[in-house]
Every structure is written in structure tokens, then in C-alpha cells.
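# Structural overview for review
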Amino acid sequence: MKLFAIFVVICIASASATDFLGCKKGKSPVAVDVEGCTKTPCKLKRGTDVDFLVTFNSEVVSQSLKPKVLAHVQGLDVPYPLPPEFADACKHLTEGECPLLSNTNAKYQISFPVKKEFPAVRVTVEYSLLNEKDEVVTCFQVPIQTV
């Protein structure tokens with residue numbers, strides 16, 4: 001019975017997760033949950049903020065964390081600057097804290113701004129968290145469609 005209960009909890013948790021791809025550098029997160037998205041490409045409405053929750057395990061010591069976001073579109077890697085309030089990713093950890101020790105589990109949450117002026121296109125968003133040495137602590141990619 002206990003085993004069945006654990007199975008049900010795992011199924012429920014994975015049902016709300018968003019499919020994601022790993023990156024060339026850095027460890028993939030344990031889970032990524034994009035608000036309202038269980039199937040890619042995620043449909044993100046322009047002019048809104050979309051909540052991202054990333055569960056990851058840090059393999060390196062990190063005194064600080066900063067996000068780096070790229071949009072892969074039509075063979076180009078376009079940097080996507082986040083608003084200044086998101087520059088210190090440590091402030092957006094909902095589990096864990098900086099400094100992060102090696103083999104530490106953490107959760108990072110952000111309300112990702114989808115600008116109204118974005119064209120309605122399909123892109124792949126690459127989201128990395130970097131430490132003070134610019135080492136990739138975790139990285140994932142999610143195909144999205146702006147609508």
C-alpha cells in the first residue's frame with residue numbers, strides 16, 4: 001500500500017511538470033514547471049508574466065547565482081535581458097540559499113516576462129543559472145509559442 005501511495009504522488013508530481021531539453025553545458029534540472037504548460041511548445045500569452053519553477057541539484061559551490069536567457073530562433077541565439085530585479089537569482093530561491101554547497105537541492109522561481117511587443121513566433125528558450133565564476137549550475141531549454 002505504501003509503495004502504491006508513493007507511485008501516485010510521483011505520477012501527480014510528474015503530471016504537472018513541463019517537458020524540457022538539456023543544454024550543451026551544465027547539469028539539467030530535476031524538474032521544470034512552466035505555469036499552465038504540460039505539453040510543448042508552451043503557449044505563452046504576450047503581455048503577461050508566466051511563472052517558472054525550476055528544481056535543481058547544484059554540483060558546484062556557488063556563492064551567487066545569476067540568470068542567463070537566450071532565445072533560439074531561426075538559427076540565431078538572441079540574448080534576452082531580464083528586468084534588473086531578477087539579476088540576483090539567489091533572491092528567487094524558494095528552497096535552498098546562497099551560498100549553495102555542492103550536492104545541494106534548490107528551487108528557483110521567477111515570473112518570466114513575455115513582452116507584448118514579441119511577435120507571435122515559436123522559439124526555444126534556454127535558461128541557465130550561472131555562479132560567480134560563470135560556471136553553469138543548471139540549464140534547460142523549453143520550446144515556446146508566443147500567442
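Residues numbered from 1 in each chain as written. Predicted model: local features only at pLDDT ≥ 70, side-chain atom pairs only at ≥ 80, totals over all residues. Heavy atoms only, no water.

### Some thoughts on the nonpolar core
- Counting residues in hydrophobic clusters, the biggest one holds 31 residues, and the most contacted among them are Val34, Phe56, Leu65, Leu82, Tyr108, Phe112 and Tyr127.
- With 5 residues, strand 7 (residues 104-114) is the largest single contributor of residues to this core.
- If we skip the residues at most four places from it in the chain, Val34 touches Thr18, Cys42, Leu44, Val50, Asp51 and Phe52. (Core = buried A, V, L, I, M, F, W, Y, C linked by side-chain atoms within 4.5 Å. Buried < 20%, exposed > 50% of the residue type's maximum accessible area, 1.4 Å probe, protein only. Helix = DSSP H or I, 4+ residues; strand = E, 2+ residues; numbered from the N terminus. Contact = heavy atoms within 4.5 Å.)

### Details of the state of the cysteines
- Throughout the structure, instances matching the rule amount to 3 disulfides.
- Two residues share a disulfide in this structure: Cys23 and Cys139, whose sulfurs sit 2.0 Å from each other. Handedness here is read from the sign of the S-S torsion; for Cys23 and Cys139, about -75°, the answer is left-handed. With a gap of 116 residues between them, Cys23 in the loop between helix 1 (2-16) and strand 1 (31-34) and Cys139 in strand 9 (residues 136-146) connect regions that are remote in the sequence. Cys139 carries the same exposure label as Cys23, and that label is buried.
- Two residues share a disulfide in this structure: Cys90 and Cys98, whose sulfurs sit 1.8 Å from each other. Of note, the bridge from Cys90 to Cys98 carries an S-S torsion of about -80° and is left-handed in sense.
- By sequence order of its bonded cysteines, the protein has the disulfide arrangement 1-6, 2-3, 4-5. (Disulfide = S-S within 2.5 Å.)

### Considerations on the packing of aromatic side chains
- Counted by the stated rule, this structure contains 9 aromatic pairs.
- Seen from their ring centres, Phe52 and Phe140 are 6.4 Å apart, and the 35° between their planes marks the pair as tilted. Remark: Phe140 occurs in strand 9 and Phe52 occurs in strand 3 (residues 48-58); sequence separation between them is 88 residues. One exposure class covers both Phe52 and Phe140, and it is buried. (Phe/Tyr/Trp six-rings, centres within 6.5 Å; stacked < 30°, edge-to-face > 60°.)

### Examining the sheet that holds strand 6 (residues 93-95)
- Within the open sheet, the 4 strands sit side by side as 1-3-7-6. Their pairing is antiparallel. Unpaired on one side and paired on the other, strand 1 and strand 6 mark the two borders of the sheet. Within the sheet, the average angular offset between the axes of one strand and its neighbour, ignoring direction, is 20°. (Pairing = 2+ DSSP bridges. Axes fitted to C-alpha atoms, helices over the stretch in contact; angles between N-to-C directions.)

### What about the environment of Tyr108?
- Relative to the helices and strands, Tyr108 is located in strand 7.
- Judged by relative accessible area, which is 1%, Tyr108 ranks as buried.
- Taking C-alpha positions, Tyr108 is 8.1 Å from Cys90, a pair spaced 18 residues apart along the chain.
- Residues contacting Tyr108, with those up to four places away along its chain left out, are Phe52, Leu53, Val54, Phe56, Pro67, Ala89, His92, Leu93, Tyr127 and Leu129.
- At 2.7 Å, the side chain of Tyr108 forms a polar contact with the side chain of Tyr127. (Polar contact = N/O pair within 3.5 Å; in protein donor to acceptor, adjacent residues only side chain to side chain.)

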